[in-house]
Amino acid sequence: TVSLMEIITCHHNSDFDALASMLAAKKLYPNAVPVFPGSQERVLRDFLTRNSFFKFETTAAKDIPLDKVKRLIVVDTRQPGRIGILAEVLDRPGLEVHIYDHHPPMAGDMVGAIDVHRKVGATTTVMVGLLKEKSIDITSEEATVMMMGLYEETGCFTFISTTPEDLEAAAFLLSKRANLNIVTDYIVKEMTPDQISLLN
């Protein structure tokens, strides 16, 4: 159970930004076990069960021996209420918390021994920046999933929260052969009534 000493998690109702950030965190912490703290958004759940190019091994939160967790790596949230039963380990003496996030600080946030926060459009951007800085290589499949996180969280780079760093992260992922066909297949927004009538 030594491998369960470190776990990577995100927020419940996880989205592509959370998945992409967990994937990047796994590259930074190769011995850590990725854990979804609860459910995933429907689109993400469909993607994880149906896609044929990408497999991401995760462990269910209920199967983690919480008393063995020594390091908790949290991505895409700093709110203890959003990490489900994993929040139970936060009071444990000697627990080390590492946080990577892009959301503005709020009251009651977790405090990390390492706390990386950037005011960017997606946590994926924060994580991609670290992979780049540490020269950690990623596959085309990993780059594609990270690009999905970026596209979804920035509204395909149209949200006003989008920053130059988000576009730099996207450029880097393209250089790593992210597949935009796959990205557009999954990151499709619901159609407006006008679009539906046009389609008909």
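Keep in mind that what you see is a predicted model, and the values were worked out from it rather than measured.

So, how was this worked out
Residues numbered from 1 in each chain as written. Predicted model: local features only at pLDDT ≥ 70, side-chain atom pairs only at ≥ 80, totals over all residues. Heavy atoms only, no water. Core = buried A, V, L, I, M, F, W, Y, C linked by side-chain atoms within 4.5 Å. Buried < 20%, exposed > 50% of the residue type's maximum accessible area, 1.4 Å probe, protein only. Helix = DSSP H or I, 4+ residues; strand = E, 2+ residues; numbered from the N terminus. Contact = heavy atoms within 4.5 Å. Salt bridge = Lys/Arg side-chain N within 4 Å of Asp/Glu carboxyl O. Pairing = 2+ DSSP bridges. Axes fitted to C-alpha atoms, helices over the stretch in contact; angles between N-to-C directions. 1 Å grid on protein atoms, 1.4 Å probe; cavity = no way out; pocket = protein on both sides within 12 Å on 5 of 7 lines; lining within 4 Å. Points joined across faces, edges and corners; volume = space filled by probe spheres on them. Nonpolar A, V, L, I, M, F, W, Y, C, P; charged D, E, K, R; others polar.

On to the nonpolar core, then. Formed by 44 residues in total, the largest nonpolar core has its most connected members in Leu19, Phe47, Tyr100, Met146, Met147 and Leu173. Where this core is concerned, the elements lending two or more residues are α1 (16–28), α2 (42–50), β3 (71–75), α3 (123–133), α4 (140–153) and α5 (164–175). Setting aside chain neighbours within four positions, we find Phe47 in contact with Phe16, Leu19, Phe53, Phe54, Val145, Met148 and Tyr186. Within the second largest apolar cluster, 16 residues are counted, among which are Val33, Val35, Val69 and Ile99.

Take the pattern of salt bridges next. Tallied over the entire structure, the rule returns nine salt bridges. Measuring nitrogen to oxygen at the nearest pair gives 3.7 Å for the salt bridge that ties Lys62 to Asp63. The class of Asp63 is partly exposed, set by a relative accessible area of 46%. Between Asp67 and Lys68 there is a salt bridge, with its nearest N and O atoms 4.0 Å apart.

Where burial is concerned, most of α3 is hidden: eight out of the 11 residues are buried. Among the residues of α3, those classed as buried are Thr123, Thr124, Thr125, Val126, Met127, Val128, Leu130 and Leu131. Where α3 is buried, its residues meet α1, β3, β4 (96–101), β5 (114–117), α4 and α5. Just beyond α3, the residue with positive phi is Ser135, at close to 50°.

Here we come to the sheet that holds strand β2 (residues 33–35). With parallel pairing, five strands are arranged side by side in an open sheet as β2-β1-β3-β4-β5. One side of each edge strand has no neighbouring strand; the edge strands of this open sheet are β2 and β5. Pairwise comparison of adjacent strand axes, ignoring direction, gives a mean angle of 15° for this sheet. Judged from the four bridges that link them, β4 and β5 form a sheet pairing that is parallel. Counterpart to Ile99 in the pairing with β5 is Asp115. Most of the contacts of α1 go to β3, to which it runs at about 140°, and overall it touches β1 (6–9), β2 and β3. Sheet contacts for α3: β3, β4 and β5; angle to β4, the most-contacted strand, approximately 110°.

Here we take up the layout of surface pockets. The method is simple in principle: a probe with the dimensions of a water molecule rolls over the atoms, and the space it marks as empty is what remains. In this structure, the largest pocket encloses a volume near 210 Å³. Together, Arg118, Val120, Thr125, Val126, Val128, Gly129, Leu130, Lys132, Glu133, Glu165, Glu168 and Ala169 line the largest pocket. Contributing elements (two or more residues each) for the lining of the largest pocket: α3 and α5. When residues in the lining of the largest pocket are grouped by element, the largest group, seven residues, is from α3. The residue makeup of the lining of the largest pocket, split by class, is five nonpolar, two polar and five charged.

This part takes up the environment of Ser39. Relative to the helices and strands, Ser39 is located in the loop between β2 and α2. Each C-alpha atom of the pair Ser39 and Glu57 lies 15 Å from the other, and the pair is 18 residues apart in sequence.

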